[in-house]
Amino acid sequence: MTLGKRAFFLIFPVVLAGYLLAAVSAYVAQGHSVLALERARLSQQLDHIAAIFRSEVAQSRSFLYSILEGNAVRLFVSETDEAYRNNALSLRLQQSIGSLSDDPKKFVSFAILNPDLSTGYYFENSDDPFAEIGEAQFSLARRLTGGSQLRDWTFLHDVQTRQLIVYSEFIDPVTFSRPLPSAKTGALLVQVAIEPTQFLEMQKTLQAEYETEIEFDTAPLLVAREDLSASVRLAPSVFATLSAPENRQSGNMDQLKLLLGFGALTMSLVSVGLMIVLIRRFITNPISALDLQVTAVMNGTNDGIRETGAAGEIGRLTGNIKQLHDQSQRALKLVQHASWTDTLTGISNRGHFNTLAADIIHDVITEGRHCSLLFIDIDNFKFVNDKYGHEVGDELLKMLAARIEAAVGAIVIRRALAPMVIARLSGDEFAILLQSTHRDGTIRETCDAVLALFSNGFEVRGKHYPVTASIGVAICPTDATNLAELVSNADAAMYQAKTNGKNRSSRFSRALQDKRDRVRHIQEELRLVDPDEQFHLVYMPIVDAGGKVTGCEALLRWVSPVLGNVTPDEFVPIAESNGLFTKIDWWVINRAMSEHNRLKALFGQETVLAINISSAELHSKSISDYFVSCAQTHGLDPRIIEIELTETYAVKLGDQLHRNIESLRERGFRISIDDFGAGYTSVQQIIEYTADTIKLDRALVDNLANEESLPALKAMIALCHAQDMAVVGEGVDTSEKLAMLTAAGCDHFQGYLISKPQTLSDLAIWALKRTAEINGHDGDRILVSDRKRRAGTSDLF
């Protein structure tokens, strides 16, 4: 018999017999008495609600007499001045009514009706300032006027309107006492209406509990004996009756449910007692024995699970768990090896390296020893991977990992060092963690051994590939005391090795730390900088072949109260890489345009303003709108605003960036390619440039501004002219360069020979001096004072 069938035939009959016995006992013994008890409870609740109702009636009667006994009603009725009565006396009467109410939020109304049933005064405690006497209450007044009663109380219980206890009394308008029956026609009818809140809340509670409405009638309703119903007299001619619906006829079954629960609990305990004996014998004990074995394996006490040889499901379960455990152990070893190993090279991956290195660093610091991290990056690997294919790149990485492991492993064995940790961290980055005595020469020897592998390129399958290695070294605890800091410092040292020319090693130093701190400080100051307080613009003039200033390039300068003067070459790349340059660019654009009118006052209305913007800004469509907005704000013609882009960025223009630049040109702005010749530019790219001006980089001018290179310079400038682009020569700091550029057909010139970047005030002084010098040389116009020009160039300026 299976375990499921055995459990069913053992448990089900016991539980079923227990529940049936408890249920039958409860219904037989307590069924009728519960209904009688519920009917008695209902009668008691109705008696309680009747007492509350009578209390509310007495309160309305007391309220009316208290008002009539006061002086406020008498003064109001006796006053002949209608305006005074409707204002002052009406307010006084209202205050008297309010003072008699215990609950300021309870609905109370007071009405004085004239003999013709017109309203002499009406007030009710509600949120409606324009409230009038209700139709039901007014109908009551008409009925009382036509009858013989001089006083009356009535319960208006229409559920469509507010339910009220209305106490009414006729009073003589002169004596303020009850009138004679014969004088009733000239008497005033005074009514007090109170909402019986406690009665209504109790009524609502009962109706919700019994899911039916309380019925009000002049006589109690007749109900069957077996029904759950009760009536109570509220007044001599008002009865309240509550009859529970069919689904509530059995009354409240709480006691019966309690009995059933107690019986079920008792039988359950009995059943559980029986089941425990049976389950322990046939199920629990065998499973417990198996659980002990599994727990021992999980705790490491045992290596495997022993088969018990028991028959049935428990025996088969033990065998299956043993087989599953054995399979899991084999799979775990394979997964662990795969998760810790780089699939390409077979050495440790980053995750395994982090685990091992963190433990070693902890032990080293605890025991007062040293360890060193070598961070290796393969120079020019991307070039080899792209040119010769990924198969060659993968093979190169595999062989490199094997050779580094062999070379460094030999040093570790010869020096009797602790086992090294070697890992591939990412694409072409490797790490080696060595434990050695400080300054024993191990690190120098290891770096030399790794660099020696690239002495003549790196040989793979009989071919040599032009790759080298840059190695950064950081030592724990000298340079860092945790893994993240150690890796970061070694990485910084590796980049220093690349900066120094690649194919070398570099030790992390205080200078590198200072450089990183400097970058961090610049980042922090840029986040807090107030451009209006710390930034200012300087302008570098651009002249044509005749010496006339045709434009000025706006250049940003930063004077930080914390860092001092920070050069653009230093802070601009940091701002761009951290997404902080947007506000700087927009400040430069607005400030340069706001100062352009002063430039035009110095050099003429056609003076071009050149503005450099961050390459990242061109990704945003908003830059075009901002240029237009600023130009309109400062009243500038977009045709004299030139936006400068670097050549390296212009080469990488995508479709969206190209559309953004075209949008600027369509709106009238000029586009200039700055630092032309600093990158790798083909003739086709020159033809495809979307620009109005080409600015030759100072390095290109240095190389081509000589007699031997003059034909090449002429050809380049001619090609630009053929594309309808003006050419500006940058870095003009000698007369020789000026002469060569002029001879080659260059249109405009910029450099220290003409003027260094200056503030607007200094630029104004420079312009005055330059004008004086030009006027003092009999037409021999020069660019800069205190500089002799090369012979043969005087006719240019």
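In this text, all values refer to a predicted model and were calculated from it rather than measured experimentally.

A.B. asks: Before we move on, can you summarise the overall build of the protein chain with the specific residues and values?
C.D. replies: Looking only at helices and strands, the protein chain features 25 helices and 24 strands. Relative to its 797 residues, the protein chain shows a buried fraction of 43%. Across the protein chain, contacts joining residues at least 24 apart in sequence account for 65% of those joining residues at least 6 apart.

A.B. asks: So what's going on with the packing of helix α13 (residues 510-528) against helix α15 (residues 568-577)? Which residues, and what values?
C.D. replies: Interaxial distance between α13 and α15 falls to 10 Å at its minimum, and their mutual angle equals 70°. When the axes of α13 and α15 are compared, the pair comes out roughly perpendicular. Along this stretch, α13 crosses α15, giving a crossing that reads as right-handed. Between α13 and α15, the residues in contact are R518, V519, I522, Q523 and L526 and E570, F571, I574 and A575, respectively. A per-class count over the contact of α13 with α15 returns six nonpolar, one polar and two charged.

A.B. asks: Describe helix α16 (residues 581-594), listing the residues and the values that go with them.
C.D. replies: Across its 14 residues, α16 extends 20 Å between first and last C-alpha, which sits within 8% of the 20 Å expected from 1.5 Å per residue. Listed in full, the buried residues belonging to α16 are F581, I584, D585, W587, V588, I589, A592 and M593.

A.B. asks: Before we move on, can you summarise the environment of S577 with the specific residues and values?
C.D. replies: The topology assignment puts S577 in helix α15. Given a relative accessible area of 59%, S577 falls into the exposed group. It is 9.9 Å that separates the C-alpha atoms of S577 and Q523, two residues lying 54 residues apart in sequence.

A.B. asks: Describe the sheet that holds strand β15 (residues 504-507), with residues and values.
C.D. replies: The five strands are arranged β10-β11-β9-β14-β15 in an open sheet whose pairing can be described as mixed. Two strands lie at the open edges of the sheet, namely β10 (421-426) and β15, each paired on one side alone. Adjacent strand axes in the sheet meet at a mean angle of 20° when their direction is disregarded. Here strand β9 (residues 371-379) runs beside strand β14 (residues 468-476); their pairing, made up of nine bridges, is antiparallel. The residue bridging S372 from the neighbouring strand is I475, located in β14.

A.B. asks: Explain the sheet that holds strand β8 (residues 238-243) to me, using residue names and the numbers behind them.
C.D. replies: One open sheet holds the three strands; their spatial order is β6-β8-β7, and the pairing between them is antiparallel. Edge strands, defined here as strands with exactly one partner in the open sheet, are β6 (215-217) and β7 (229-235). Each adjacent strand pair in this sheet contributes to an overall mean axis angle of 25°, direction not counted. Relative to β8, β7 runs antiparallel, the two being bridged by six bridges. Bridge pairing in β8 places A235 opposite V238.

A.B. asks: Can you break down the nonpolar core residue by residue, with the values?
C.D. replies: Within the largest apolar cluster, 74 residues are counted, with the highest numbers of intra-cluster contacts made by Y539, M593, F627 and L696. In terms of residues, this core owes the most to one element, α16, which gives seven residues.

A.B. asks: Explain unusual backbone geometry to me, using residue names and the numbers behind them.
C.D. replies: At the junction of C476 and P477, the peptide bond is cis and its omega measures out at 5° in the coordinates. Within the secondary structure layout, P477 lies in the loop between β14 and α12 (483-499). In this structure, D724 is a non-glycine residue whose phi angle is positive, near 65°. Structurally, D724 can be placed in the loop between α23 (710-722) and β23 (726-729). Residue D724 is classed as exposed on the basis of its relative accessible area, which comes to 66%.

A.B. asks: Explain the pairing of β8 residue by residue, including any values.
C.D. replies: Within β8, five of the six residues are buried, which leaves it mostly tucked inside the rest of the structure. Sheet topology places β6 next to β8; three bridges connect them, and they run antiparallel. Directly across from E215, in β8, lies its bridge partner T241. Between the antiparallel neighbours β7 and β8 lie two residues.

A.B. asks: With reference to specific residues and values, describe the confidence of the model for the protein chain.
C.D. replies: Taken as a whole, the protein chain shows an average pLDDT of 82; of its residues, 88% reach a score of 70 or greater. For the protein chain, the element scoring lowest by mean pLDDT is helix α19 (residues 647-651), at 52; strand β24 (residues 748-749) scores highest, at 96. Considering only residues more than four positions removed or in separate chains, one finds that residues 778-797, a stretch of pLDDT under 50, has 54 contacts.

A.B. asks: Tell me about the pattern of salt bridges, and name the residues and values.
C.D. replies: With the rule as written, the count across this model stands at 31 salt bridges. One salt bridge connects E553 with K695, and the closest N-O pair in it is separated by 3.0 Å. You can see E553 sitting in strand β17 (residues 549-560) and its partner K695 sitting in strand β22 (residues 693-696), a full 142 residues away along the chain. K695 gets classed as buried once you look at its relative accessible area, which sits at 1%. Across the salt bridge formed by R639 and D637, the nearest N and O atoms sit 2.7 Å from each other.

A.B. asks: Describe in detail helix α18 (residues 622-633), supporting the description with residues and values.
C.D. replies: For α18, spanning 12 residues, the distance from its first C-alpha to its last is 16 Å, which sits close to the expected 16 Å at 1.5 Å a residue. Looking only at α18, the buried set comprises I623, S624, Y626, F627, V628, C630 and A631.

Rules and cut-offs
- Residues numbered from 1 in each chain as written.
- Predicted model: local features only at pLDDT ≥ 70, side-chain atom pairs only at ≥ 80, totals over all residues.
- Heavy atoms only, no water.
- Helix = DSSP H or I, 4+ residues; strand = E, 2+ residues; numbered from the N terminus.
- Buried < 20%, exposed > 50% of the residue type's maximum accessible area, 1.4 Å probe, protein only.
- Contact = heavy atoms within 4.5 Å.
- Axes fitted to C-alpha atoms, helices over the stretch in contact; angles between N-to-C directions.
- Parallel < 35°, antiparallel > 145°, perpendicular 65-115°, else oblique.
- Left-handed = near helix turned anticlockwise from the far one by under 90°.
- Nonpolar A, V, L, I, M, F, W, Y, C, P; charged D, E, K, R; others polar.
- Expected span 1.5 Å × (residues − 1).
- Pairing = 2+ DSSP bridges.
- Core = buried A, V, L, I, M, F, W, Y, C linked by side-chain atoms within 4.5 Å.
- pLDDT = per-residue confidence, 0-100.
- Salt bridge = Lys/Arg side-chain N within 4 Å of Asp/Glu carboxyl O.

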